[in-house]
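# Fold and geometry: a report
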Amino acid sequence: MIRFLVALFLCIVSVLPALAVNPDEVLADPVLEERARAISAKLRCMVCQNQSIDDSNAELAKDLRVLVRERLRNGDTDEAVIAYVVSRYGEFVLLKPRFHAKTLVLWGMPVILLFLGATALVVATRRRGARPWGVPLSDEEKERLDKVLRS
């Protein structure tokens, strides 16, 4: 029974992304539809922001899916469709930002942070070995500690 429920759950979950594209949006030409799905997978839903428009059920995502299909039916190339959407919504609409001077910090920051973290780790390790931690207790402090521990 548990196996059946797990299998049923996996089947339902695997179909969820496909539910975002409504049947009335699907193009009759399978080649164009495949191109539309590929483009839609690259574009961010401006409402959800962590989903592509292909996976989102938001109204704006639906409008963008229809726009992509309309542009493809009019003969635009994939790059032209993406360029059109970016011109209207900005670079943020792309799930994978392009490499430009504007996005250099975005692409370079992980490498910079990794380098800074490794440097900090090396410096901290060397400092730890060079000096002991803390200052030893004085005789008076040791006596007070012994009194506290005895009571």
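The paragraphs below set out a description of the structure included in this document. Model, not experiment: these values are computed from the prediction.

### Focus: a negative patch on the surface
Taken together, Asp-139, Glu-140, Glu-141, Glu-143 and Asp-146 make up a surface patch of like negative charges. Within the secondary structure, Glu-140 is located in helix H6 (residues 139-150). The class for Glu-140 is exposed, based on a relative accessible area of 56%.

### What to know about the side chain of Ser-40
Tracing the sequence through the fold places Ser-40 in helix H2 (residues 30-42). What makes Ser-40 buried here is its relative accessible area of 0%. Discounting chain neighbours no more than four positions away, the residues touching Ser-40 are Ser-52, Ile-53, Asp-54, Arg-65, Val-68 and Arg-69.

### Here's the deal with the pattern of salt bridges
Tallying each qualifying case throughout the model produces four salt bridges. The partner of Glu-33 in a salt bridge is Arg-69, with the nearest N and O atoms 2.8 Å apart. Placement of the pair is Glu-33 in helix H2 and Arg-69 in helix H3 (residues 59-73), with a sequence separation of 36 residues. On the basis of relative accessible area, Arg-69 is assigned to the buried category, the value being 1%. The shortest N-O distance in the salt bridge between Asp-76 and Arg-71 comes to 2.7 Å. Classification of Arg-71 as partly exposed rests on a relative accessible area of 23%.

### As for H2
Here H2 spans 19 Å end to end across 13 residues, near enough to the 18 Å set by a 1.5 Å rise per residue. Three or more residues of H2 are buried, namely Leu-32, Glu-33, Ala-36, Ile-39 and Ser-40. Buried positions in H2, seen along its axis, are confined to an arc of 125° and lie on one side of it. Turned more than 90 degrees away from the buried face of H2, the exposed residues are Pro-30, Val-31 and Glu-34.

### Section: the packing of aromatic side chains
Overall, the coordinates contain zero aromatic pairs when judged by the stated rule. Here the guanidinium or amino end of Arg-44 rests over the ring plane of Phe-92, the centre of that ring lying 4.4 Å away. Above the ring of Tyr-84, the side-chain terminus of Arg-71 is found at 3.8 Å from the ring centroid.

### Some thoughts on a nonpolar patch on the surface
Where nonpolar side chains cluster on the molecular surface, the patch consists of Val-105, Met-109, Ile-112, Leu-113, Phe-115 and Leu-116 and spans about 590 Å² of accessible area. Position of Phe-115 among the secondary structure elements: in helix H5 (residues 104-130).

### Points about the packing of H2 against helix H4 (residues 78-89)
Interaxial distance between H2 and H4 falls to 11 Å at its minimum, and their mutual angle equals 35°. Crossing geometry of H2 relative to H4 is assigned as right-handed. Across the interface between the two elements, Arg-35, Ile-39 and Lys-42 from H2 touch Asp-78, Val-81 and Ile-82 from H4. Considered class by class, the residues forming the contact of H2 with H4 number three nonpolar, no polar and three charged.

Cut-off values and rules
- Residues numbered from 1 in each chain as written.
- Predicted model: local features only at pLDDT ≥ 70, side-chain atom pairs only at ≥ 80, totals over all residues.
- Heavy atoms only, no water.
- Patch = residues over 30% accessible without salt bridge, like charges linked within 9 Å, V, L, I, M, F, W, Y side chains within 5 Å.
- Areas by Shrake-Rupley, 256 points an atom, 1.4 Å probe, with all protein chains shown as cover.
- Salt bridge = Lys/Arg side-chain N within 4 Å of Asp/Glu carboxyl O.
- Lys, Arg positive; Asp, Glu negative; His and termini not counted.
- Charge placed at Lys NZ, Arg CZ, Asp CG, Glu CD.
- Helix = DSSP H or I, 4+ residues; strand = E, 2+ residues; numbered from the N terminus.
- Buried < 20%, exposed > 50% of the residue type's maximum accessible area, 1.4 Å probe, protein only.
- Contact = heavy atoms within 4.5 Å.
- Expected span 1.5 Å × (residues − 1).
- Arc of directions from axis to C-beta.
- Phe/Tyr/Trp six-rings, centres within 6.5 Å; stacked < 30°, edge-to-face > 60°.
- Lys NZ or Arg CZ within 6 Å of the ring centre and 35° of its normal.
- Axes fitted to C-alpha atoms, helices over the stretch in contact; angles between N-to-C directions.
- Left-handed = near helix turned anticlockwise from the far one by under 90°.
- Nonpolar A, V, L, I, M, F, W, Y, C, P; charged D, E, K, R; others polar.

None of the figures reported here should be taken as evidence of function without further support.
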